[in-house]
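Results of the structural survey
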Amino acid sequence: MMSDTGSGVEPSPVQNISAQYAKIQRQYQQILDRWTPHVLQRWLSTAGLLVVFMLRIIIAQGYAVHAHAIYLLNLLLAFLQPKFDPSLQDDLMADEIEEGGDPVSPLPSQRDDEFRPFVRRLPEWQFWLSSTRATIIALFCTFSSAFDVPVYWPILVVYFFTLFALTMRRQIQHMIKYKYIPFDIGRKARYGGAK
């Protein structure tokens, strides 16, 4: 019997498995590609998953969620931060000056009036995808008693909100110092249209 490859050799089980895995990966990527333009629907579905996750926690009366919450906070901070941090650029310029280098950088600096779009360290798509995956994994973890760690939850809640307040305060101070806003606020400018 001849195989699809035309070589007359039957594919090995490992090749079959890798072909099936590649097929599943392509189907998964197609689903993700279809979701890409639907920002509001993506975030609403993730919010729905978070509600289901919280309901599962309430019903199960247990399961520490601090790791999931801290991971989501870490993702939020990466989403709010610029990809090219101006404070690091200032440090590099100061180091070069100390080493006797030219204090004038050939690249534009934040002091120029040149327009620079805000480029996130973590793009919105990756933020959504990572938070959705983490929520799904955390939801499945609630069905196993191995992840039910006995903790005094009020301490974790206070810890999370303290961590959130401190990191957001630091991030907002960074945004004020380097004069950037990670969101589109106000009227959108149209380019190439009649004025």
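Residues numbered from 1 in each chain as written. Predicted model: local features only at pLDDT ≥ 70, side-chain atom pairs only at ≥ 80, totals over all residues. Heavy atoms only, no water.

By the naming in an unreviewed UniProt entry, the protein goes by Protein rer1 and is assigned to Psilocybe cubensis.

**Quick word on the overall build of the protein**
Quick note on the threshold: Secondary structure follows DSSP: runs of H or I at least 4 residues long count as helices, runs of E at least 2 residues long count as strands, and numbering of each begins at the N terminus. Three exposure classes are used, based on accessible area relative to the maximum for each residue type with a 1.4 Å probe and protein chains only: buried under 20%, partly exposed in between, and exposed over 50%. In this description, contact between two residues means that some pair of their heavy atoms is separated by no more than 4.5 Å. Computed by Shrake-Rupley with a 1.4 Å probe, the accessible areas treat only the displayed protein chains as cover when residues are assessed.
Within the protein, the secondary structure is distributed over six helices and zero strands. Tracing the protein from N to C terminus, the helices and strands come up as α-α-α-α-α-α. Here the protein holds 195 residues, and 22% of them are scored as buried. Taking as baseline every contact in the protein between residues at least 6 positions apart, the subset at least 24 positions apart corresponds to 78%. Looking at the protein as shown, the accessible area adds up to about 15200 Å², and 65% of this sits on carbon and sulfur atoms.

**Quick word on the packing of aromatic side chains**
Definition in use: Between rings of Phe, Tyr and Trp, where Trp is taken as its six-membered ring, a pair exists when centres lie within 6.5 Å; planes separated by under 30 degrees are stacked, by over 60 edge-to-face, and by other angles tilted. Here, a charge over a ring means that NZ of Lys or CZ of Arg falls within 6 Å of the ring centre while also lying within 35 degrees of the ring normal.
Summed over all chains, the structure comprises six aromatic pairs. Pairing W35 with W128 gives two aromatic rings, centres 6.1 Å apart and planes at 20°, and the pair type is stacked. One end of the pair, W35, is in helix α1 (residues 13–35); the other, W128, is in helix α5 (residues 124–141), with 93 residues separating them in the sequence. With relative accessibility at 6%, the residue W128 sits in the buried group. Between F160 and F164, the ring centres sit 6.4 Å apart and the planes meet at 25°, which makes this aromatic pair stacked. Of the two residues, F160 and F164 are both situated in helix α6 (residues 153–177); the distance of four residues between them amounts to about one turn of the helix. Each member of the aromatic cluster is reached from another via a ring pair, and the members are W35, W125 and W128. Looking at R42, its charged tip hangs above the ring of W128, at a distance of 5.2 Å from the centre.

**Structural notes on the environment of M54**
Take M54: it is sitting in helix α2 (residues 39–60). A relative accessible area of 40% means that M54 is categorised as partly exposed. As a C-alpha pair, M54 and L139 span 85 residues in sequence and 8.8 Å in three-dimensional space.

**What about the side chain of T167?**
With respect to the helices, strands and loops of the structure, T167 is situated in helix α6. Those residues in contact with T167 that sit more than four places away from it in its chain are L73 and L77.

**Considerations on the nonpolar core**
For the record, the criterion: In this description, a nonpolar core means a group of buried Ala, Val, Leu, Ile, Met, Phe, Trp, Tyr and Cys residues linked to one another through side-chain atoms lying within 4.5 Å.
Counting residues in each nonpolar core, the largest one holds nine residues, listed as L72, L75, L77, A78, F79, L80, L122, F127 and M168. Sort the elements by how many residues they give to this core and helix α3 (residues 66–80) lands first, with six residues. With residues up to four places along the chain from it excluded, the contact list for L75 reads L122, F127, S130 and S131.

**Some details on the packing of α3 against α6**
The following threshold applies: Axis geometry follows a simple rule: fit a line to the C-alpha atoms, using only the stretch in contact for helices, then measure angles between N-to-C directions, giving values from 0 to 180 degrees. Relative orientations are named as follows: roughly parallel for angles under 35 degrees, roughly antiparallel for angles over 145 degrees, roughly perpendicular for angles from 65 to 115 degrees, and oblique for any other angle. Gly counts as polar in this scheme, as do all residues outside two lists: the nonpolar Ala, Val, Leu, Ile, Met, Phe, Trp, Tyr, Cys and Pro, and the charged Asp, Glu, Lys and Arg.
At a minimum axis separation of 11 Å, α3 and α6 run at an interaxial angle of 5°. What the angle tells us is that α3 and α6 run roughly parallel. Between α3 and α6, the contacting residues are H66, A69, I70, L73, L76, L77 and L80 on the first element and L156, Y159, F160, L163, F164, T167, M168 and Q171 on the second. Tallied by class, the residues present in the contact of α3 with α6 amount to 12 nonpolar, three polar and no charged.

**What to know about α5**
Selection rule: What a helix is expected to span follows from its residue count: subtract one and scale by 1.5 Å.
Compared with the 26 Å implied by 1.5 Å per residue over 18 residues, the 25 Å span of α5 between its first and last C-alpha is a close match. Within α5 the residues assigned to the buried category are W125, F127, W128, L129, S130, S131, T132, A134, T135, A138 and L139. The inward-facing, buried residues of α5 contact α1, α2 and α3.

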